Number of protein chains: 2
Amino acid sequence: MIQETFTRDVRYPLGHGAGSDAIHRDPVYSYAVTLLKDDSGLTGTGFAFTLGEGNDLVCKAADFYAAQLKGRDIEAVMANFGSIFHRLSNEQQFRWLGPHKGVVHLALAAVTNACYDLWAKKRGLPLWKLLIELSPEQIVNTLDLSYLEDELTPEQAIALITANRDLSREAITKTGYPGYDTSIGWFNYPDEQIRENAKKAVAAGFTAMKLKVGSSDPERDIRRANLVREVTGEDVKIMLDANQQWTLPQALDICGRLQQMQPYWIEEPTHPDDVIAHQQLAKAIAPTKLALGEHVPNRIIFKNYLQAACAHFIQVDAVRVGGVSEFITVSLLSRKYGVPVVPHVGDMGQLHQHLVLFNHISLGHEALFLEHIPHLQEHFVHPVQIKEGVYLTPQEPGSSCDLKHIV
Amino acid sequence: MIQETFTRDVRYPLGHGAGSDAIHRDPVYSYAVTLLKDDSGLTGTGFAFTLGEGNDLVCKAADFYAAQLKGRDIEAVMANFGSIFHRLSNEQQFRWLGPHKGVVHLALAAVTNACYDLWAKKRGLPLWKLLIELSPEQIVNTLDLSYLEDELTPEQAIALITANRDLSREAITKTGYPGYDTSIGWFNYPDEQIRENAKKAVAAGFTAMKLKVGSSDPERDIRRANLVREVTGEDVKIMLDANQQWTLPQALDICGRLQQMQPYWIEEPTHPDDVIAHQQLAKAIAPTKLALGEHVPNRIIFKNYLQAACAHFIQVDAVRVGGVSEFITVSLLSRKYGVPVVPHVGDMGQLHQHLVLFNHISLGHEALFLEHIPHLQEHFVHPVQIKEGVYLTPQEPGSSCDLKHIV
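The residue count restarts for each chain, going from 1 along the sequence in the order it is written. Here chains are named by letter from A upward and ligands by number from 1 upward, in the order in which they appear as written. Restriction of local features to residues with pLDDT of at least 70 applies here, the model being predicted, together with a cutoff of 80 or more for giving and counting side-chain atom pairs; totals for whole chains, interfaces and linings are based on all residues. Note that the side-chain values use all heavy atoms of the structure and ignore hydrogens as well as water.

Draft legend 1. Fine view of the relation of the copies chain A and chain B. A least-squares superposition brings the copies together, and it is based on the C-alpha atoms of residues with pLDDT no lower than 70 in both. Overlaying chain A with chain B gives an RMSD of 0.0 Å, the required rotation being 180 degrees about an axis along which the chain moves by 0.0 Å. On the angle and the small slide along the axis, the relation comes out as a two-fold axis. Across chain A, the smallest distance between a C-alpha and the rotation axis is recorded for Gly102(A), namely 2.3 Å. Pairs of residues are marked as contacts when any of their non-hydrogen atoms sit within 4.5 Å. Residue by residue, 100% of the interface of chain A is reproduced at the interface of chain B, so both copies engage with the same surface.

Pasting the structure below:
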């Protein structure tokens with residue numbers, strides 16, 4: 001039984017341009033942490049990611065949701081988590097502050113993720129293992145499919161999982177899930193540092209890496225993109241990330257000029273709410289592909305992006321949408337559309353290393369690669385382990401989200 | 001010069017089912033109030049509207065924005081408010097919590113509205129009068145048109161105002177702006193009360209009124225809609241408001257069956273983020289019209305709704321989007337598309353009575369009617385005055401948003 005609930009406002013200043021992009025020049029990587037203390041002695045840890053300012057607001061909103069779980073048994077909660085998620089996310093007064101977006105939805109992510117963590121710890125299983133052992137019906141019971149009735153009913157979701165689930169794919173947990181390196185090309189890094197980082201990443205075994213673009217000077221973007229391509233050769237996948245910095249007319253121009261270095265994708269070209277701008281851009285620059293989702297708050301907007309056929313990689317983040325539950329919902333929708341899920345990792349990959357294994361084994365998503373951001377590793381009790389460019393499969397019970405000194 | 005800034009968390013419990021709709025069963029009408037104390041002795045008052053829980057979060061976020069205006073002269077601030085709005089709404093760490101939506105954007109509304117209020121008070125003018133006296137260039141300087149470059153550049157905005165502005169329309173301030181009554185048909189009211197309220201509204205001179213629908217029992221919705229039509233006769237405009245309660249398949253079914261009582265519009269049929277669902281619904285039930293915007297947080301999503309041709313009435317609310325500035329931006333976009341603006345009035349019409357006059361006189365929007373919700377009148381220093389169904393034009397300096405006992 002969940003006896004007590006706490007939230008913790010945890011902030012980790014970075015330094016030297018790390019984490020910088022075209023819009024976020026000086027972030028403080030922060031977690032709004034929810035702790036669910038069970039009478040078994042176990043603690044469920046979940047969090048949402050922010051860039052510092054306002055992390056306290058997310059904590060305060062998470063308090064409101066977490067308090068409603070006091071006295072509940074985690075197995076009972078998770079047996080029907082979809083309806084609990086639905087109730088919490090539609091709590092009638094709080095709902096006005098979204099609905100299903102912004103501070104309140106980030107807070108729900110923290111609470112949801114703490115529930116999944118506690119659930120796995122009580123079963124003594126790493127989260128990925130718990131999730132792949134669930135039946136299609138059990139999975140769908142953890143999801144809120146409301147406002148998706150036109151695309152994905154519970155019956156359709158069960159059928160989709162049933163058709164795609166293949167436990168023989170668990171073999172991937174022996175070899176590890178491929179990673180890619182986000183940290184070679186932060187926005188504030190000078191050209192020379194990017195060149196060195198790209199070389200190091202290739203030497204470390206990465207076959208995919210990301211460069212931040214979205215400069216006020218498009219020539220800078222194009223120069224740096226070509227520079228990375230020059231260092232890596234043709235076989236490495238290079239992703240370009242504009243972090244919403246372009247207007248649609250700018251994106252149409254610059255993306256056209258970036259096509260020649262063959263980016264694997266162009267990420268967040270413009271505002272994350274602007275489905276129609278993405279649709280126009282995707283048409284104009286086909287077959288160059290777009291990736292987005294880092295700032296998309298919920299399953300409904302993801303549905304629109306998929307319907308509009310302009311998101312070629314879905315970067316849903318379980319510490320931005322309403323936690324693991326909505327992450328799985330979005331992954332199901334993406335599977336229906338045949339679109340890969342490549343999460344943004346506000347959690348530094350700790351939680352998502354579990355979720356991509358589930359997506360691959362139970363939903364049949366391709367095991368493409370998972371973003372890797374090393375900046376907060378020393379703060380986790382069980383930091384992700386990357387060897388030769390692959391994530392080694394976590395074996396400890398839970399979702400790998402426990403933070404040092406946070407109790 | 002703005003010497004000090006404060007926020008106030010003000011909540012007004014309602015009673016007896018007032019304010020209830022299909023989703024919000026028991027709201028507490030609340031304002032997150034920003035006060036800007038000027039060294040002239042004047043105080044600018046602005047607020048965002050919430051339903052109670054979390055109003056404190058909006059206040060806390062507003063503190064963050066308001067503090068950045070300390071020491072500034074309000075005339076200087078407003079001379080270039082568009083760039084200040086742009087900077088505040090993209091503050092790099094806070095932006096993560098949106099962007100441009102949820103708690104942080106509501107907070108920005110409160111601060112923005114306090115700026116406009118202080119501006120008008122310092123000029124000794126009611127806000128509508130100040131706004132209509134601005135030149136097209138001055139208006140556009142108060143707006144942030146970023147992410148609208150594909151639809152509305154500053155030059156296009158100036159041209160649009162220049163082509164539509166007609167100060168002879170100020171005549172409407174003598175006769176008053178038409179109102180409509182939202183309070184006849186709250187969701188929890190029994191049939192008999194709705195019948196009586198509709199009769200009273202007709203007797204009071206209203207020629208338009210609204211009924212809440214979105215019941216779990218569609219027969220209840222249809223019965224009550226027909227009942228109001230029966231009481232009012234054919235000439236009264238009846239708006240039906242589902243408050244997002246329907247799934248798309250339900251909306252397609254029920255809206256089809258509601259067409260026969262000839263609703264003037266059907267409001268918020270489903271989730272406010274679901275542009276494509278609204279597009280499909282609008283096509284299916286044409287020529288029946290849809291109204292939406294109460295929960296749409298920013299100009300970018302409004303742009304998508306207009307581009308998708310599925311919002312026939314734009315219900316932008318200046319205490320939901322980023323305040324008066326973004327309200328005007330959305331009104332300009334709507335004007336470009338020839339779509340009427342009929343604001344949702346989280347402010348109970350206090351602020352919007354000024355803005356609809358501006359929209360009519362300076363932007364050439366039709367003077368259709370403005371929602372009227374009487375529930376908080378006793379709390380305002382200068383409550384709206386309605387006579388025979390029209391809003392009498394406010395004459396006091398400012399935006400009519402001062403609340404009693406809030407200093």
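On we go from here.
Draft legend 2. View of the interface of chain A and chain B. If you look at the interface, chain A gives 58 residues, while chain B gives 58 residues. Salt bridge, as used here: a side-chain nitrogen of Lys or Arg that lies within 4 Å of a carboxyl oxygen of Asp or Glu. The interface formed by chain A and chain B includes six salt bridges. Salt-bridge contacts for Lys101(A) lead to Asp273(B); the nearest nitrogen and oxygen are separated by 2.8 Å. Identification of polar contacts relies on pairs of N or O atoms within 3.5 Å, with a donor-acceptor requirement for protein atoms, meaning one able to donate a hydrogen and the other able to accept it, and with residues adjacent in sequence counted only if both atoms are side-chain atoms. Linking chain A to chain B there are 28 residue pairs in polar contact (both at pLDDT 80 or more). In DSSP terms, a helix is any run of H or I states spanning at least four residues, a strand is any run of E spanning at least two, and both are numbered starting from the N terminus. Breaking the side of chain A that touches chain B down by element, the ones donating at least two residues are β3 (43-50), α1 (55-67), α4 (102-123), α11 (248-258), α12 (275-285) and α13 (299-307) of chain A. In the side of chain A that touches chain B, the residues fall into 25 nonpolar, 19 polar and 14 charged. When residues are sorted by character, Ala, Val, Leu, Ile, Met, Phe, Trp, Tyr, Cys and Pro go into the nonpolar class, Asp, Glu, Lys and Arg into the charged class, and all the rest, Gly among them, into the polar class.

Draft legend 3. Structural context of the pattern of salt bridges. All names here are of chain A. As enumerated under the stated definition, the model contains 50 salt bridges over all chains in all. Residues aspartate 38 and lysine 122 are paired through a salt bridge, measuring 3.0 Å at the closest nitrogen-oxygen approach. Of this pair, aspartate 38 sits in strand β2 (residues 28-38) while lysine 122 sits in helix α4, and the two are 84 residues apart along the sequence. Accessible area is worked out with a 1.4 Å probe on protein chains only. A residue is then buried under 20% of its type maximum, exposed over 50%, and partly exposed in between. Note on lysine 122: relative accessible area 33%, which makes it partly exposed.

Draft legend 4. Here's a closer look at unusual backbone geometry. Residue and element names in this part refer to chain A. Look at the link from glycine 98 to proline 99: it is a cis peptide, with omega at -5 degrees. Tracing the backbone shows proline 99 in the loop between α3 (81-89) and α4. One non-glycine residue, asparagine 243, lies in the positive phi region at around 45 degrees. Structurally, the position occupied by asparagine 243 is in the loop between β6 (237-241) and α11. Residue classification places asparagine 243 among the buried positions, given a relative accessible area of 0%. In this structure, alanine 309 is a non-glycine residue whose phi angle is positive, near 60 degrees. With respect to the helices, strands and loops of the structure, alanine 309 is situated in the loop between α13 and β9 (313-314). Classification of alanine 309 by relative accessible area gives exposed; the value is 55%.

Draft legend 5. Examining the domain arrangement of chain A more closely. Residues and elements named next belong to chain A. One can read the domain layout of chain A as domain 1 (2-124) and domain 2 (168-391). Residue ranges for the domains trace back to a domain assignment, done automatically or taken from a database. Computed from C-alpha coordinates alone, the two centres of domain 1 and domain 2 are separated by 24 Å. At the interface, 28 residues of domain 1 touch 34 residues of domain 2. In this assembly, domain 1 packs against domain 2 so that about 2500 Å² is buried in total across both faces, 64% of it on carbon and sulfur atoms. If you sort the residues of domain 1 by the area they bury against domain 2, Tyr12, Ala22 and Tyr29 come out on top, with a joint share of 17%. At the junction of domain 1 with domain 2, the criterion picks out zero salt bridges. Seen at the junction of domain 1 and domain 2, the total is eight residue pairs in polar contact (both at pLDDT 80 or more). Among the elements that line the side of domain 1 that touches domain 2, the one with the most residues is α4, at six residues. For the side of domain 1 that touches domain 2, a count of residues per class yields 16 nonpolar, nine polar and three charged. Accessible-area loss on putting two parts together, using a 1.4 Å probe and summing over both, is the definition of buried area adopted here.

Draft legend 6. Spatial organisation of the confidence of the model for chain A. Per residue, pLDDT captures the predictor's confidence, and it can take any value from 0 to 100. Chain-level statistics for chain A give a pLDDT mean of 95 and a share of 100% at 70 or above. As a predicted assembly, this complex carries a pTM of 0.97 together with an ipTM value of 0.96.

Draft legend 7. Looking closely at the packing of aromatic side chains. Residue and element names in this part refer to chain A. Only centres within 6.5 Å qualify two rings of Phe, Tyr or Trp (six-membered ring in Trp) as a pair; their planes then separate them into stacked at under 30 degrees, edge-to-face at over 60, and tilted for everything else. Scanning all chains against the criterion turns up 40 aromatic pairs over all chains. Judged by centre distance (5.9 Å) and plane angle (70 degrees), the rings of tyrosine 116 and tryptophan 119 are edge-to-face. Pair noted here: tyrosine 116 and tryptophan 119 are both in helix α4, with a separation of three residues, about one helical turn. Relative accessible area serves as the criterion here: at 0%, tyrosine 116 is assigned to the buried category. With relative accessibility at 3%, the residue tryptophan 119 sits in the buried group.

Draft legend 8. Quick peek at the packing of helix α14 (residues 323-337) of chain A against helix α15 (residues 352-363) of chain A. Residue and element names in this part refer to chain A. The interhelical angle for the contact between α14 and α15, taken along N-to-C directions, is 40 degrees, at an axis separation of 11 Å. The angle between α14 and α15 falls in the class oblique. Crossing angle aside, the handedness with which α14 passes α15 is right-handed. When α14 is examined against α15, the residues Val324, Phe327, Ile328, Ser331, Leu332 and Arg335 are found in contact with a partner set consisting of His352, Leu355, Phe358, Asn359 and Leu363. Looking at the contact of α14 with α15 residue by residue, the class counts come to seven nonpolar, three polar and one charged. Interaxial angle, 0 to 180 degrees, is taken between N-to-C directions of lines fitted to C-alpha atoms, where a helix line uses only the stretch in contact. Note on terminology: angles under 35 degrees are roughly parallel, angles over 145 are roughly antiparallel, angles of 65 to 115 are roughly perpendicular, and the others are oblique. Each crossing is labelled by how the near helix is turned from the far one, with a counterclockwise turn of less than a right angle marking it left-handed and a clockwise turn marking it right-handed.

Draft legend 9. How the structure looks around the side chain of Gln353(B). Residues and elements named next belong to chain B. Tracing the chain through its elements places glutamine 353 in helix α15 (residues 352-363). A polar side-chain atom of glutamine 353 sits 3.0 Å from the main-chain carbonyl oxygen of glutamine 350. In contact with glutamine 353, other than residues within four places in its own chain, are Leu370, Val384, Tyr391, Leu392, Pro394 and Ser400.

Draft legend 10. How the structure looks around the environment of Phe369(A). Mapped onto the elements, Phe369(A) comes out in the loop between α15 and β10 (370-372). The spatial distance from the C-alpha of Phe369(A) to the C-alpha of Tyr391(A) is 9.2 Å, given a sequence separation of 22 residues.

Draft legend 11. Fine view of the pairing of β6(A). Residues and elements named next belong to chain A. With four of five residues buried, β6 lies mostly within the body of the structure. The sheet contact formed by strand β5 (residues 208-212) and β6 spans five bridges and is parallel. When the sheet's bridge partners are listed, lysine 210 is paired in β6 with methionine 239. Orient the strands so they point away from the viewer; a crossover is then right-handed if the path from the first strand over the helix to the second runs clockwise. Since β5 and β6 lie parallel, the crossover through helix α10 (residues 218-232) that links them has a hand, and here it is right-handed. The rule for pairing is simple: two strands pair if DSSP sees at least two bridges between them. Here three bridges tie β6 to strand β7 (residues 265-267), and the two strands are oriented parallel to one another. Opposite methionine 239, over in β7, you have tryptophan 265 as the bridge partner.

Draft legend 12. Structural view of the sheet that holds β2(A). Residue and element names in this part refer to chain A. Overall, antiparallel pairing links the three strands, which are arranged β1-β2-β3 in an open sheet. Bordering the open sheet on either side are β1 (2-13) and β3, each of which pairs with just one other strand. Neighbour-to-neighbour, the strand axes of the sheet open up by a mean angle of 20 degrees, direction not taken into account. Bridge count between β1 and β2: eleven bridges; the pairing is antiparallel. Residue pairing for β2: valine 10 is matched across the bridge by tyrosine 31. Lying over the sheet, α4 contacts β1, β2 and β3, oriented at roughly 150 degrees with respect to β3.

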